[in-house]
Amino acid sequence: MKKLIVSYIGDSCAEFLPLSFDSIKNITDKIIFVWGMEDIKTKQILDKYKEELQDKLIIIESKYSQEYKEQNGRQRNIYLKYLQENYKGYLNLVLDPDEIVDEKFKEFIKSDEIQSMKENHLLSIHMRHTIRDLRHEDATVDQHFVHNRLFRVCDELEYPETEHPILISKSPNVQYGYTNKFCIWHIGYSREMFAI
């Protein structure tokens, strides 16, 4: 089975990060986290998981400048470059620290459909957004998808340096797909619950 990496960028996410890590830590072979070097609580949680996961967790420190809208794309290209230099051919799932994968992901990642996934195939994932509390969710469309979050690492991939970048491929042979065989739960709009 081809190995799986989960990649993040983030900071000021201490209330969500343990839930996100716990949803994937026993499934993934590596976790790469690009930390923005601002929030000490986030760093403390990263250090706690580093102690637990040791070489499985790779923390890359890169100052996140709020002044530049393109900084999000820059941060994402940091983990992407690291992947391209060290983990070519591996499957990679991109999560934000306020996102959790559901229990179906473990079986999905073992499926022939995913294990035979070629380079330059970018897969968009079904997402559900909780609103205010964990019982309500965004229902403005039948199904939300987050674009190009699962892919096999290759040199043709890059993030535009924009505020909300979506991974693109420079290859003319790129294929785009969608799956609702597992779900990413976005809980960031329920921040008040975690404050309570």
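This text goes with the structure placed above it.
## Concerning the packing of aromatic side chains
- Inspection of every chain in the model, using the stated rule, returns ten aromatic pairs.
- Look at F145 and Y178: their rings are 5.3 Å apart centre to centre, the planes differ by 85°, and that puts the pair in the edge-to-face class. With F145 in strand β7 (residues 144-152) and Y178 in strand β10 (residues 175-186), the pair connects residues that are 33 residues apart, well separated along the chain.
- Aromatic ring contacts, followed pair by pair, group Y8, F21, F33 and Y49 into a single cluster.
- Of note, K48 hangs over the ring of Y49, and the distance from its end group to the ring centre comes to 4.4 Å.
- For the cation-ring pair, R74 lies above Y68, with the distance from its terminal atom to the ring centre recorded as 5.5 Å.

## Here we look at the pairing of strand β2 (residues 30-35)
- In terms of residue burial, β2 counts as a mostly covered element, since five of its six residues are buried.
- Examined bridge by bridge, strand β1 (residues 4-10) and β2 share six bridges and lie parallel to one another. Residue pairing across strands places I9 opposite V34, the latter belonging to β2.
- Between the parallel pair β1 and β2, the chain is carried across by helix α1 (residues 17-24), and the sense of this crossover is right-handed.
- Here β2 pairs with strand β3 (residues 57-61) via five bridges, running parallel. Across the sheet, residue F33 finds its bridge partner in β3, namely I59.

## Re the pattern of salt bridges
- Tallied over the entire structure, the rule returns 13 salt bridges.
- The residue R74 makes a salt bridge to E70 at a minimum N-O spacing of 3.2 Å.
- Residue classification places R74 among the partly exposed residues on the basis of a relative accessible area of 31%.
- Of the residues examined, E70 reaches a relative accessible area of 24% and is grouped as partly exposed.
- Between R76 and D96 there is a salt bridge, and its shortest N-O distance comes to 2.9 Å.

## Quick notes on the nonpolar core
- F21, F33, L93 and I184 are the most contacted members of the largest nonpolar core, which has 32 residues in total.
- Counting residues per element, this core draws most heavily on helix α2 (residues 40-53), which supplies four residues.
- Apart from the residues lying within four places of it in its own chain, the contact partners of F33 are Y8, I9, G10, C13, L17, F21, L46, L57, I58, I59, I60 and P97.
- With 18 residues, the next largest nonpolar core counts I58, I60, L83 and L122 among its residues.

## Considerations on the sheet that holds β1
- Taken in spatial order, the eight strands make up an open sheet running β3-β2-β1-β4-β7-β6-β10-β5, and their pairing is mixed. Edge positions in the sheet fall to β3 and β5 (99-101), since each of these pairs with one other strand and no more. Neighbour-to-neighbour, the strand axes of this sheet turn through a mean angle of 35°, independent of strand direction.
- Judged from the three bridges that link them, β5 and β10 form a sheet pairing that is antiparallel. Bridge pairing links E99 to H186 in β10.

About the cut-offs
Residues numbered from 1 in each chain as written. Predicted model: local features only at pLDDT ≥ 70, side-chain atom pairs only at ≥ 80, totals over all residues. Heavy atoms only, no water. Phe/Tyr/Trp six-rings, centres within 6.5 Å; stacked < 30°, edge-to-face > 60°. Helix = DSSP H or I, 4+ residues; strand = E, 2+ residues; numbered from the N terminus. Lys NZ or Arg CZ within 6 Å of the ring centre and 35° of its normal. Buried < 20%, exposed > 50% of the residue type's maximum accessible area, 1.4 Å probe, protein only. Pairing = 2+ DSSP bridges. Right-handed = clockwise from strand over helix to strand, strands pointing away. Salt bridge = Lys/Arg side-chain N within 4 Å of Asp/Glu carboxyl O. Core = buried A, V, L, I, M, F, W, Y, C linked by side-chain atoms within 4.5 Å. Contact = heavy atoms within 4.5 Å. Axes fitted to C-alpha atoms, helices over the stretch in contact; angles between N-to-C directions.

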